[in-house]
Amino acid sequence: MAKTIEKQELTEVSEAQIAVHWKEEEYYQPSETFKAQANMRDPRIFEQFTLDKFPDCFKAYADMLTWFEPYRTVLDTSDAPFWKWFAGGKINACYNCVDRHLEQYRDKPAFIFVAEPESESDVRITYQELYERVNEVAALLRGLGLKAGDRVTLHMPMVPELPITMLACARLGVIHSQVFGGFSGQACGSRIQDSGSRFLITMDSYWRNGTLADHKVNADIAVQAAKEQGQDVDKVLVWQRYPGKYSAKTPMVAGRDVFMNELLRQYRGQKVDAVALPSDGALFLMYSSGTTGKPKGAQHSIAGYLAYVTATSKWVLDIHPEDIYWCMADIGWITGHSYIVYGPLANAATSVLYEGVPTYPDPGRPWRIAERLGVNIFHTAPTAIRMLRKLGAQEPRKYKYRFKSMTTVGEPIEPEAWRWYYDEVGKRDAVITDTWWMTETGGFLCSTMPAIHGMKPGSCGPAVPGIHPVIYDETGAEIPKGSGKAGNICIRNPWPGIMQTIWGDRERYVKTYFGKYNRNPKSKDWRDWPFMAGDGALQAGDGYYRILGRIDDVINVAGHRLGTKEIESACLTVPEIAEAAVVPVLDELKGRVPEVYVAIKPGVQPSQAIVDRVIKANEEVIGKIARPKHVYIVPDMPKTRSGKIMRRVLAAISNRRDVGDVTTLANPDVVEQIRIMVQGKDVRTTQEALPEDIAKFGQVE
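Within each chain, residue numbers correspond to sequence positions counted from 1 in written order. Since the coordinates come from a predicted model, pLDDT governs what is reported: local features require at least 70, and pairs of side-chain atoms require 80 or more to be given and counted, while whole-chain, interface and lining totals use all residues. To obtain the side-chain values, all non-hydrogen atoms of the structure were included, while hydrogens and water were left out.

**A word on the overall build of the chain**
Rule in force here: The numbering of helices and of strands both runs from the N terminus, where a helix is a DSSP run of H or I of at least 4 residues and a strand a run of E of at least 2. Each radius of gyration is computed over the set of C-alpha atoms, and the globule rule expresses the reference value as 2.2 Å times the number of residues to the power 0.38. Here's how the labels work: a residue is buried when its accessible area is under 20% of the maximum for its type, exposed when over 50%, partly exposed in between, all with a 1.4 Å probe on protein chains only. The contact rule is simple, with two residues in contact once any of their heavy atoms fall within 4.5 Å. For the accessible areas, the method is Shrake-Rupley and the probe is 1.4 Å, while residue cover comes only from the protein chains on display.
Looking only at helices and strands, the chain has 21 helices and 31 strands in total. Expected size for 701 residues packed as a compact globule is a radius of gyration near 27 Å; at 25 Å, the chain falls within 12% of this value. Expressed as lengths along the three principal axes of its C-alpha atoms, the size of the chain is roughly 75 × 60 × 55 Å. Expressed as a percentage of its 701 residues, the buried residues of the chain come to 64%. Long-range contacts, defined here as pairs at least 24 residues apart, represent 73% of the contacts in the chain between residues at least 6 apart. Of the roughly 25700 Å² of accessible surface on the chain, a fraction of 49% belongs to carbon and sulfur atoms.

Okay, here's the thing in structure tokens:
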């Protein structure tokens, strides 16, 4: 294998394409038991969603919803590429998620809340209780003068009050903008300013890693930051983690701050009719988590978005009302909006809502929760999978849970991590859906249909029904499947879950997602507007897609574009390695070369032998061109509060640049340890500007 690649040494790959050397993996088939119970098991579904049946094929998605007034047009392209789905209808997302289930499922839990402290009892919220609580909060918001089209910023942790508040907003047509609870007050303030929110809804505190964190302090910073940018906040509504008791050290501000729990007493038992809203009205804003530049508010519609997440929750996640479903993501990200709140609730699911970190107080926690509650669908990110594997590879064996299906989301998962997920977590029985999508797409774009397709480690699978990807190189030439070459993955056609626009910035929306491959800026024909996702991808001969990570995170080594994900995957074939991060470094001869940072499994001692094995793995799996300039064994990776490795910080260290503000990281102390390891004790940063590709590395907006 190594010799063949060495001979070719990639000379046939043009700079317009991304070099790829993935080993094709074997298929794993779903069990007959799973197939027999699946919501979607008819392979002919794909015939109903071919491009010649577009857009009418998506009527099947709209039919899963309850409408106040029927829509007139499936897809209105008159203001391309600002697509209007199911135009002319009237609908309400909250009604579809709550009210319509009451007759059949009123006494069934919608959510089971699990607090981080194991001493606290689970809280089960039935659909009837959810209906009552949502109505009271909607009455409160209406009492404050909020109405359809107004924006409200939420900065809340993983507690039941978060989906309740979101649904109350949706009931009134108020556009909610939830900021991930782990984001700083500064980040929250810039999102308040961009959305023009006059209300901030937050919480006094929440549990994180065994500590009751003061969250209210972020509200004061956020309000100040928004004010400095020209946006006043009239009211800060503060939920109490323990009703009747204030758990934050930061004082309440008289006249501005109000306890939600106290204010709600005035609205006890009140009912608010779900407002019949235009199908193309905005449901929420979801800001990208970029580290630089102006935050980008993806605006999602009511009907198109809801139809899309309802259908994909039913067919891809295979959620039935009797399942116990646990998505371990945070509602502060799009995954939580689509596949904790709106999609599962529209399918009358019972969802687990967990407050804390998955490894507290030990790595057995997720499997204990799954065993106790009878979870049978499990949904998490590769980051969490790698962390749980690193800290407790044998832990799942100790518990008697049984998953029928498991999903992975957020970034590509390496075959090594995939196999651990399948063997240990899924006990070689659960199907895995490795989903590819992003904030802007609303829901899954590529995934195996779990009862129809075989699974292939490292590949997300084919496109889901109604999605028609195409891979272009830098020049706009289409790269055929099975060619072994990769490029920029785009979607040929719109779909109901796609964002409507970037809030307040139509031009940026068109330029970012359609500018590169648009054939005619004046066209109203959807065929002229392929959506550019911003990821590199390869399509194998069997039609399965392999996502290589962000285009901005491709390293151009001696004129060959190498996907960092592929190099990281090669590193993880070394048994001692738990996590790997690859960054580009300036090189006089080759332009850019990869440097590798690895974290090793507990109990393993760092050694030169491990470094040598990492170098050898890259040479064997990819070729000498991928040989890292250095391999650093680090105590831990610099990570965000959601567990994402901050490759931007590592790239700054490798290139002797200032790492910037790292105070918002979950483990800021490790940055200085790594810097000393790489640069020595003396600070040797240079002010010289980096080339754009390295400056942008790891900084996707």
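**A word on the environment of Asp542**
As a reminder, the rule being used: Any N or O atom pair separated by 3.5 Å or less is treated as a polar contact, with the protein-specific requirement of one donor-capable and one acceptor-capable atom, and with residues adjacent in sequence counted only for side-chain atom pairs.
Here Asp542 shows up in the loop between β25 (531–539) and β26 (545–550). With relative accessibility at 32%, the residue Asp542 sits in the partly exposed group. For the pair formed by Asp542 and Cys571, sequence separation is 29 residues and the distance between their alpha carbons is 26 Å. Sequence-distant contacts of Asp542, that is, excluding residues within four places in its chain, are made with Tyr27 and Lys456. At a separation of 2.4 Å, a polar atom in the side chain of Asp542 contacts the side chain of Tyr27. A distance of 2.9 Å separates a polar atom in the side chain of Asp542 from the backbone nitrogen of Tyr544.

**Digging into the packing of helix α19 (residues 647–654) against helix α20 (residues 669–679)**
In plain terms, the rule: Axis definition: a line fitted to C-alpha atoms, over the contacting stretch in the case of helices. Angles run 0 to 180 degrees between N-to-C directions. Relative orientations are named as follows: roughly parallel for angles under 35 degrees, roughly antiparallel for angles over 145 degrees, roughly perpendicular for angles from 65 to 115 degrees, and oblique for any other angle. Rotating anticlockwise by less than a right angle from the far helix to the near helix defines a left-handed crossing, while the corresponding clockwise rotation defines a right-handed one.
Across the interface, α19 lies against α20 with an axial gap of 9 Å and an inter-helix angle of 30 degrees. Taken together, the axes of α19 and α20 are roughly parallel relative to one another. In this structure, α19 crosses over α20, and the sense of that crossing is right-handed. Note on element contacts: α20 touches α19 through Val671, Ile674, Arg675, Val678 and Gln679, opposite Val649, Leu650, Ala652, Ile653 and Ser654.

**Points about the confidence of the model for the chain**
Definition in use: As a per-residue measure, pLDDT tells how confident the predictor is, with possible values from 0 to 100.
In the predicted model, the chain carries a mean pLDDT of 91, and 94% of its residues have values of at least 70. Taken as a whole, residues 1–13 scores under 50 in pLDDT and shows 24 contacts with residues more than four places along the chain or in a different chain.

**Some details on unusual backbone geometry**
Each neighbour pair has its own omega, and for Ala80 with Pro81 the value is 0 degrees, a cis peptide bond. With respect to the secondary-structure elements, Pro81 resides in the loop between β2 (73–76) and β3 (84–87). Along the chain, Tyr360 connects to Pro361 via a cis peptide bond; the corresponding omega equals -5 degrees. Even without glycine at this site, Phe86 takes up a positive phi of about 55 degrees. For Phe86, the position within the fold is in strand β3.

**Some remarks on the sheet that holds strand β29 (residues 577–587)**
Hydrogen bonds between backbone groups are what pair the strands of a sheet, and the pairing can be parallel or antiparallel. Short version of the rule: Strand pairing requires that DSSP identify at least two bridges connecting the strands.
Pairing is mixed across the open sheet formed by three strands, whose spatial order is β29-β30-β31. Each edge of the sheet is formed by a strand with only one pairing partner; in this case those strands are β29 and β31 (631–633). With strand direction ignored, the average angle separating the axes of adjacent strands in the sheet is 20 degrees. Bridge analysis of β29 against strand β30 (residues 591–600) gives ten bridges, and the strand direction is antiparallel. Within β30, the position partnered with Ala580 by the bridge is Val598. Together, β29 and β30 form the strand contacts of helix α17 (residues 564–571), whose direction differs from that of β29 by roughly 135 degrees. The strands touched by helix α18 (residues 608–621) within the sheet are β29, β30 and β31, with β31 carrying the most contacts at an inclination of about 135 degrees.

**Here's the deal with the sheet that holds β25**
Sheet architecture is open: four strands sit in the order β22-β23-β25-β26, paired in antiparallel fashion. The open sheet is flanked by β22 (469–472) and β26, the only strands paired with a single partner. Pairs of neighbouring strands in the sheet enclose a mean axial angle of 45 degrees, with direction left out of account. Bridge count for β25 against β26 is five bridges, and the pairing is antiparallel. When the bridges of β26 are listed, Leu538 appears paired with Arg546.

**Quick notes on helix α15 (residues 415–425)**
Counting buried positions along α15 gives nine out of eleven residues, so the element sits mostly inside the fold. Regarding α15, the residues found buried are Pro415, Ala417, Trp418, Arg419, Trp420, Tyr421, Tyr422, Glu424 and Val425. Lys427 occupies a position one or two residues after α15 and carries a positive phi of about 55 degrees.

**Focus: the pattern of salt bridges**
Should their charged atoms come close, side chains of opposite charge can pair. Note the following rule: Salt bridges are identified by distance alone: a Lys or Arg side-chain nitrogen within 4 Å of an Asp or Glu carboxyl oxygen.
Applying the stated criterion to the full structure yields 43 salt bridges. The salt bridge involving Arg402 is made with Asp429; its shortest N-O contact spans 4.0 Å. One end of the pair, Arg402, is in the loop between α14 (382–392) and β20 (405–408); the other, Asp429, is in the loop between α15 and β21 (431–434), with 27 residues separating them in the sequence. Given the relative accessible area of 47%, Arg402 is considered partly exposed. Across the salt bridge formed by Arg527 and Asp525, the nearest N and O atoms sit 2.9 Å from each other. Where salt bridges share partners, they join Arg386, Glu414, Lys565, Glu568 and Arg647 into one cluster.

**Things to note about the pairing of β30**
Spelled out, the test is: For a crossover, the right-handed case is the one in which the path from the first strand over the helix to the second runs clockwise, viewed with the strands pointing away from the viewer.
The element β30 is largely enclosed, with a buried count of nine among its ten residues. Relative to β31, β30 is paired through three bridges, and the arrangement is parallel. In the strand pairing of β31, Val596 is matched with Val631. Traced from β30 through α18 to β31, the parallel crossover comes out right-handed.

**Examining the packing of aromatic side chains**
Our working rule: Planes of paired rings set the category: under 30 degrees apart is stacked, over 60 is edge-to-face and the rest tilted, where pairs are Phe, Tyr or Trp rings (Trp by its six-membered ring) whose centres lie within 6.5 Å.
Per the stated rule, a full pass over the model turns up 44 aromatic pairs. Between Phe54 and Trp526 the ring centres are 4.7 Å apart and the planes differ by 65 degrees, which places this aromatic pair in the edge-to-face class. Here Phe54 is found in the loop between α2 (32–37) and α3 (59–62), whereas its partner Trp526 is found in the loop between α16 (506–513) and β25, with 472 residues between them in sequence. Each member of the pair, Phe54 as well as Trp526, is classed as buried.

**Some words on the environment of Ser279**
Assignment of secondary structure puts Ser279 in the loop between β14 (277–278) and β15 (282–287). On the accessibility criterion, Ser279 (1% relative accessible area) is buried. Put simply, Ser279 and Pro81 are 198 residues apart on the chain and 17 Å apart in space, counted from C-alpha to C-alpha. Setting aside its immediate chain neighbours within four residues, Ser279 contacts Trp67, Trp85, Phe86, Ala87, Gly88, Gly89, Ile91, Ser301, Ile302 and Ala303. A distance of 2.5 Å separates the side chain of Ser279 from the backbone oxygen of Phe86, its partner in a polar contact.

**Topic: the environment of Val611**
Inspection of the secondary structure assignment puts Val611 in helix α18. When the C-alpha positions of Val611 and Thr153 are compared, they lie 47 Å apart, and in sequence the two are 458 residues distant. Setting aside chain neighbours within four positions, we find Val611 in contact with Val631 and Ile633.

**Details of α16**
Short version of the rule: The directions from the helix axis to the C-beta atoms are what the arc is built from.
Those residues of α16 that sit buried are Arg508, Tyr509 and Tyr513. All buried residues of α16 fall inside an arc of 105 degrees around its axis, so they share one side. The exposed set on the far side of α16, more than 90 degrees from its buried face, consists of Glu507 and Lys511. Taken together, the buried residues of α16 touch β24 (501–502) and β25.

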